[in-house]
Amino acid sequence: MKLDIEDYKKVIKDRMSKKRYIHSINVAKAGIQLAERYGADVEKVRIAGILHDITKEMPYDEQLKIIQSSGIILDDVQAFSPKTWHAVSGSICVRKELGITDDDILNAIRYHTSGRAGMSLLEKVIFVADFIGEERDYKGVDVMRAKAKKSLEEAMLYGVSFSIEDLTQRQCAIDKNTFELYNELIIQGEEIKKRKK
Ligand SMILES: [Fe+2]
Ligand SMILES: [Fe+2]
């Protein structure tokens with residue numbers, strides 16, 4: 001039986017608090033606006049947005065089991081940061097339990113927290129949408145929303161810088177994928193500036 005978006009909404013509703021359910025709906029909504037602006041696949045964005053935090057409220061030991069049974073090996077930093085596991089366990093869960101096989105959707109979920117260098121358009125849209133959903137109210141969200149209207153990459157640089165700053169302030173370990181994304185955005189930004197000169 002093929003599942004549709006209403007089925008996906010039901011699945012996540014049963015697995016999370018109301019607050020996180022609303023967040024998931026808002027990420028899909030914000031993502032669709034970005035998809036329309038930047039030409040990403042609206043249906044894939046809707047699915048990835050709804051499902052991106054599917055395992056966020058699952059106990060860590062269960063998430064770890066899902067990850068280990070899939071054969072994915074976490075590096076030391078990832079193993080040290082249980083809060084980030086839901087991105088990896090979520091991508092495995094939607095593949096195994098919901099039968100989603102589209103690699104782009106799976107990667108958008110897998111890298112929505114850390115980011116990575118070489119992200120696809122869909123991955124970028126979900127990464128940015130997670131920062132700008134309607135309920136978000138952190139300091140700087142207005143800047144982030146304005147940047148998202150101008151350029152996905154500018155918004156990503158702002159978001160990833162914000163995350164790195166926050167993680168260093170709290171003395172948390174930082175995934176190498178996050179640094180690789182940051183470096184890529186800086187280098188690409190410089191290239192674009194040079195070309196404009
Ligand atoms: Fe998340
Ligand atoms: Fe999220």
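What counts, and at which threshold
Residues numbered from 1 in each chain as written. Chains lettered and ligands numbered in written order. Predicted model: local features only at pLDDT ≥ 70, side-chain atom pairs only at ≥ 80, totals over all residues. Heavy atoms only, no water. Donors = N, O, S within 2.8 Å, 3.2 Å for Na, K, Ca; no water. Helix = DSSP H or I, 4+ residues; strand = E, 2+ residues; numbered from the N terminus. Buried < 20%, exposed > 50% of the residue type's maximum accessible area, 1.4 Å probe, protein only. Tetrahedral: all angles 85-135°; square planar, octahedral: opposite > 155°, others 65-115°. Salt bridge = Lys/Arg side-chain N within 4 Å of Asp/Glu carboxyl O.

### Examining the coordination of the iron ion (ligand 1)
- Of the protein atoms, only Asp-53 (OD), His-86 (NE2) and His-112 (NE2) coordinate the iron ion (ligand 1), at distances of 2.1 to 2.2 Å.
- Coordination of the iron ion (ligand 1) draws on donor residues from a single chain, spaced D-x32-H-x25-H in sequence.
- For the pair the iron ion (ligand 1) and the iron ion (ligand 2), the metal-to-metal distance amounts to 3.5 Å, and Asp-53 bridges them. Of the two residues, Asp-53 is situated in the loop between helix H3 (42–51) and helix H4 (60–70) and His-112 in the loop between helix H7 (103–110) and helix H8 (121–132); the sequence distance between them amounts to 59 residues.
- Residue classification places Asp-53 among the buried positions, given a relative accessible area of 3%.

### What about the coordination of the iron ion (ligand 2)?
- At the metal site, the iron ion (ligand 2) is ligated by His-23 (NE2), His-52 (NE2), Asp-53 (OD) and Asp-130 (OD), and these contacts range over 2.2 to 2.3 Å.
- One way to put it: the four donor atoms around the iron ion (ligand 2) meet at angles of 80 to 171°, and that makes the site irregular.
- Counting the intervening residues between successive donors of the iron ion (ligand 2) yields the motif H-x28-H-D-x76-D.
- His-23 sits in the buried class, given a relative accessible area of 7%.

### What to know about the pattern of salt bridges
- Scanning the entire structure with this criterion turns up 16 salt bridges.
- Between Glu-57 and Arg-20 there is a salt bridge, and its shortest N-O distance comes to 2.9 Å. With Glu-57 in the loop between H3 and H4 and Arg-20 in helix H2 (residues 18–38), this pair connects stretches of sequence that are 37 residues apart.
- Salt bridges linked by common partners bring Lys-147, Lys-150 and Glu-154 together as one network.

Function-wise, these values are silent; they only describe arrangement.
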